[in-house]
Amino acid sequence: MEKIRVEHKVRAQGGLMTIYYSMKQILRSPVKSTLFLLLSGVSAFLLTLGGNLWAVNLAMLEEFEEIFVTVGTVEQKIDHVETYKIWDAETDDRYDQRAVHGKRISDEVMDFEGAGYILEAKQRPSFGALVDQRVMGSVYDSLIVEAAPVESGRADESFPMRAEKVLAGDEAVLKEGDIFYICDHYREEPRSFEAGTTYIMTLGHVNEVHGSRVEHIAPEDRVPEYMPDNSVASYQFTMDRELVYDAVAEAEDETAFDVVTEGFYETERGRRWLELVRSFDCQAYTIPVTPVDKTLLLMPFYWKEAQISKGRDITEEEYAEGKPVCLISSELSLVLRKEVGDRLALPLYYATYSEVSKMGIQAASVLNAQGKVYPVFDEQEYEIVGIYTAASGARNGYEMGHHQVVVPWNAIPENCWADNIAGNGPMRGFNTSFQIPNGTIGDFMAAWEKQGVEGLEIRFYDRGYSDLKNGIESRKLMAVIFLTSGCVLAVLILCFFSHLFITGQRRRIAVERLLGQTKRQCALSLLTGFFLLAAAGTGAGCGAGQMATGRAVKAAEQTTEFDAAFSNAVIVQTDTKENMLPAAKEKYGPGAAAAGIGMLLGAALIGFGVMRQELKKEPLKMLGEMEE
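If you're wondering where the values come from, they're calculated on a predicted model, not measured in any experiment.

## Notes on the overall build of the chain
1) Next: The secondary structure content of the chain amounts to 13 helices and 28 strands.
2) Next: Counting across all 628 residues of the chain, residues that qualify as buried make up 46%.
3) Next: Put simply, 80% of the contacts in the chain that link residues at least 6 apart link residues at least 24 apart.
4) Next: About 31,100 Å² of surface is accessible on the chain, with carbon and sulfur atoms providing 53% of the total.

## As for the side chain of H403
1) Next: Take H403: it is sitting in the loop between β20 (378–390) and β21 (405–408).
2) Next: Ignoring any residue separated from it by four or fewer positions in sequence, one finds H403 in contact with V135, I287, P288, S329, E331, L332 and V335.

## Considerations on the pairing of strand β17 (residues 343–352)
1) Next: With 8 of 10 residues buried, β17 lies mostly within the body of the structure.
2) Next: Direction of pairing for strand β5 (residues 126–130) relative to β17: antiparallel, over a ladder of 4 bridges. Counted as the bridge partner of S126 is T352 from β17.
3) Next: Direction of pairing for β17 relative to β20: antiparallel, over a ladder of 6 bridges. Paired with R343 across the strands is E383, a residue of β20.
4) Next: Looking at chain direction, β17 and strand β22 (residues 421–423) are connected through 2 bridges and run parallel. Note that in β22 the partner of A351 across the bridge is I421.

## Focus on a nonpolar patch on the surface
1) Next: On the surface, W54, L58 and V480 cluster together to form a nonpolar patch covering roughly 230 Å² of accessible area.
2) Next: The topology assignment puts L58 in helix α2 (residues 30–67).
3) Next: The exposure class assigned to L58 is partly exposed, which follows from its relative accessible area of 36%.

## Some remarks on the environment of G196
1) Next: Within the element layout of this structure, G196 appears in the loop between β10 (192–193) and β11 (199–208).
2) Next: Distance from G196 to S152, taken between C-alpha atoms, is 8.5 Å for residues 44 residues apart in sequence.

## What about the nonpolar core?
1) Next: Within the largest apolar cluster, 28 residues are counted, with the highest numbers of intra-cluster contacts made by L346, V405 and W417.
2) Next: Looking at this core, the elements that each hand over two or more residues are β5, β14 (286–292), β16 (325–329), α7 (330–336), β17, β20 and β21.
3) Next: By residue number, the principal contributor to this core is β17, which donates 4 residues.
4) Next: Contacts of L346, omitting those with residues within four sequence positions, involve A129, I287, V289, D378, E379, Q380, Y382, V405 and V407.
5) Next: Residues L298, L327, V385 and V406 belong to the second largest nonpolar core, which totals 23 residues.

## A word on helix α8 (residues 441–449)
In an α-helix, one turn spans 3.6 residues; hence positions three or four apart end up facing the same way.
1) Next: For α8, the complete set of buried residues consists of I441, F444, M445, A447 and W448. Viewed along the axis of α8, the buried residues span an arc of 160°, placing them on a single side of the element.

## Side note on a negative patch on the surface
1) Next: Taken together, E108, D111, E120, D240 and E242 make up a surface patch of like negative charges.
2) Next: When its relative accessible area of 59% is taken as the criterion, D240 is described as exposed.

## What about unusual backbone geometry?
1) Next: Although it is not a glycine, R241 adopts a positive phi angle of roughly 65°.
2) Next: Relative to the elements of secondary structure, R241 occurs in the loop between β12 (224–229) and α3 (247–251).
3) Next: Note on R241: relative accessible area 9%, which makes it buried.
4) Next: Residue R337 is not a glycine yet carries a positive backbone phi of 55°.
5) Next: Structurally, R337 is set in the loop between α7 and β17.
6) Next: Among the residues examined, R337 registers a relative accessible area of 66% and is labelled exposed.

## Structural notes on the pattern of salt bridges
1) Next: According to the stated counting rule, one finds 19 salt bridges in the structure shown.
2) Next: Between E208 and R222 there is a salt bridge whose closest N-O contact spans 2.9 Å. With a gap of 14 residues between them, E208 in strand β11 and R222 in the loop between β11 and β12 connect regions that are remote in the sequence.
3) Next: Looking at R222, the relative accessible area reads 57%, which means it is exposed.
4) Next: For E268, the salt bridge identified is with R271, shortest N-O distance 3.6 Å. Remark: R271 and E268 occur in helix α4 (residues 268–283); sequence separation between them is 3 residues, near one turn of the helix.
5) Next: By sharing partners, the salt bridges in this structure join E151, D156, E157 and R213 into a single network.

## Focus: α4
1) Next: In this model α4 runs 22 Å from its N-terminal to its C-terminal C-alpha over 16 residues, within 8% of the 22 Å that 1.5 Å per residue would give.
2) Next: Within α4, the full set of buried residues consists of R269, G270, R272, W273, E275, L276, V277, S279, F280, C282 and Q283.

## Some words on the side chain of T432
1) Next: Position of T432 relative to the elements: it lies in strand β23 (residues 432–436).
2) Next: Polar side-chain contacts of T432 include one of 2.9 Å to the side chain of N431.
3) Next: Not counting residues up to four positions away in its chain, the partners in contact with T432 are G72, T73, V74, K122, Q123, R124 and M427.

## Some words on the confidence of the model for the chain
1) Next: Per-residue pLDDT for the chain has a mean of 80; in total, 75% of the residues score no lower than 70.
2) Next: The low-confidence segment residues 1–15 (pLDDT under 50) makes 0 contacts with residues lying over four places distant or belonging to another chain.
3) Next: Segment residues 559–571 is flagged for pLDDT under 50; beyond a separation of four residues in sequence, or across chains, it makes 39 contacts in the model.

## A look at the packing of aromatic side chains
Two numbers describe a pair of aromatic rings. These are the distance of the centres and the angle of the planes.
1) Next: Tallying each qualifying case throughout the model produces 22 aromatic pairs.
2) Next: Arranged with centres 5.4 Å apart and planes meeting at 75°, the rings of Y117 and F434 form a pair that is edge-to-face. Of this pair, Y117 sits in the loop between β3 (92–100) and β4 (119–123) while F434 sits in strand β23; the two residues are 317 residues apart in sequence, bridging distant segments of the chain.
3) Next: For Y117, a relative accessible area of 21% translates into the label partly exposed.
4) Next: Centre to centre, the rings of F180 and Y226 are 6.2 Å apart; their planes meet at 80°, and the pair counts as edge-to-face. With F180 in strand β9 (residues 179–182) and Y226 in strand β12, this residue pair connects regions lying 46 residues apart in the sequence. Like F180, the residue Y226 is buried in the burial classification.
5) Next: Feature note: the residues F112, Y117, F434, F444, W448 and F460 constitute an aromatic cluster, connected by ring pairs.
6) Next: Just above the ring of W409 sits the side chain of K122; from NZ or CZ to the centre is 4.3 Å.
7) Next: Over the aromatic face of Y353 sits the side chain of R241, whose NZ or CZ is 3.6 Å from the ring centroid.

The rules we used
- The numbers attached to residues start from 1 for each chain and follow its sequence in the written order.
- It should be noted that, the model being predicted, local features are given only for residues of pLDDT at least 70 and side-chain atom pairs only at 80 or more, the latter also being counted only at that level, while totals for whole chains, interfaces and linings use all residues.
- With hydrogens and water excluded, all non-hydrogen atoms of the structure serve as input to the side-chain values.
- Secondary structure elements follow DSSP: runs of H or I of four or more residues count as helices, runs of E of two or more count as strands, with numbering from the N terminus.
- The buried label applies to any residue whose accessible area, calculated with a 1.4 Å probe on protein chains only, is under 20% of its type's maximum; exposed applies above 50%, and partly exposed to all values in between.
- In what follows, a contact means two residues having at least one pair of non-hydrogen atoms within 4.5 Å.
- Only the protein chains shown count as cover for residues, and all accessible areas are computed by the Shrake-Rupley method using a 1.4 Å probe.
- Strand pairing follows a simple DSSP-based rule, namely that at least 2 bridges must link the two strands.
- Patches in this entry comprise residues that are over 30% relatively accessible and not in a salt bridge; like charges within 9 Å are linked, as are nonpolar side chains (Val, Leu, Ile, Met, Phe, Trp, Tyr) within 5 Å.
- Just to be clear on terms, a salt bridge is a Lys or Arg side-chain nitrogen sitting within 4 Å of an Asp or Glu carboxyl oxygen.
- Among the buried residues, those of types Ala, Val, Leu, Ile, Met, Phe, Trp, Tyr and Cys that are joined through side-chain atoms within 4.5 Å form a nonpolar core.
- It is the directions from the helix axis to the C-beta atoms that the arc portrays.
- Positive residues here are Lys and Arg, negative ones are Asp and Glu, while His and the chain termini are left out of the count.
- Every charge is mapped to an atom, namely NZ of Lys, CZ of Arg, CG of Asp or CD of Glu.
- Expected helix span is taken as 1.5 Å per residue step, with the number of steps being one fewer than the number of residues.
- Pairing of N or O atoms within 3.5 Å defines a polar contact, subject to two protein rules: one partner must be a possible hydrogen donor and the other a possible acceptor, and residues neighboring in sequence count only if both atoms are side-chain atoms.
- pLDDT runs from 0 to 100 and stands for how confident the predictor is about each residue.
- Pairing of aromatic side chains requires ring centres within 6.5 Å, counting the rings of Phe and Tyr and the six-membered ring of Trp. Pairs whose planes differ by under 30 degrees are stacked, by over 60 edge-to-face, and all others tilted.
- Only lysine NZ and arginine CZ atoms are considered, and such an atom sits over a ring when it is within 6 Å of the ring centre and within 35 degrees of the ring normal.

Okay, here's the thing in structure tokens:
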């Protein structure tokens, strides 16, 4: 036992002596040793920094893919601005202007090779759905009345009428027996009315009373004046947005009001008036339902002007599979007394491609070409999975509509609304949007330019991803340069200094071999100092590289402002124009260890390789070559 302890002690002392003499030999060349220490540190620094930056960039890209979504919108450009004359009962002729979009461009042009969609571009309709609670005034507080003139005359100024019967509308606004005033305010040739005759008309509030017949009314009383309408025409469209022929509308005399006589409601026009009355009542119970492939394709949700306040969003699986689930507004939740988890029946009875606004879903008429209220074309019960709250500020048609419900596009049978289209309109940013992979805006626009389609404007929203990716790509290039430089420098340094430290000590190798040391002992004696210097330089370089990486990551996490443009498309950011980059979460930690291990493995392989070549030579031959 004592013998074993002595042997261990001798070996330990021998190891310490080996390290001592090896370091002593190395330090006899201080310039060479210091230079090797510094250069190995520089190599380790470059390898650590390059590897860490590469890892950080990959981690950031992965995080960005989870956080950022690139959405595009399509809008048909205005073809020209048209000036038209308006007759005004108070000011005579005046002129106004309106934008004309020209011939409709179908969303089919957006289906082209190279688009690379995640969610394809298609123009979304909005559907009118009936609910069991009154949700709005009847057609924006319009009325349908049977009325008789107080006196005969022309409606060239405020003209008094008596309401004989209020068929549709809010009785708080007008009730049977009330006197109200009409005016053909915007007709150059106002129409005449005969006392003792009962007329049926639609009334819309457009002005305040004026003229000689209302001199007894004080201006501060603000008595409304109505513009009468006599039309029961339908505005039904095909899937190609062509107007469906309506024989009654074709034969309609726009200058003549319908007179209510005995048996009037048994005539074609009389039955249409009754259907129009029913349609007014229906629209008071109508909410807009919008089918979409992803909630973020609705720009208020993308801009975070609308956010889920209760429950959750519709999942990708539910969108893809067309599950009967929905999101409703917080206001609708209160009106219908519905909460997350409840079920909501949505009988859809008409579609429109017009704007949905804070006033609700818009349609000129919900009578079809046969003069009937559109029948229900799809009815399902939807589970309410989320309740959202939307900002009240308008954004040029992009705001969420009054009581708007969001459902998966695939939950609605394809084109089942083809015979129930009550409103037409071109592709607009609020009803035509799509999603593409992040960072592919350039590829998309290059493919789009090849189509040669004129008249559409495509806007992209990526929350600054394009700028972030450009920064990351720049850092990736720097990482590659650092890694390449570090690798090349490490190999050259290790090869050069291993040659200096080993082949420069051939005399020592030969003497130690002749004194009886084994090849292993000789290699250990010579390489210990070399490895210790390499380890010291590598450790210092890796530490410095780690610190430099920390500063680089901290700089990358700073808030950045973005506002960029791309070709004839526009890349638009959120209104805040401020996006916080996610932290790299210390994902660069293993970089220093990897660089250190790599450097030391390289030193071992190159050092032992050079040493092996020297140990193959006979000691006497080595001495002889040196003497020569």
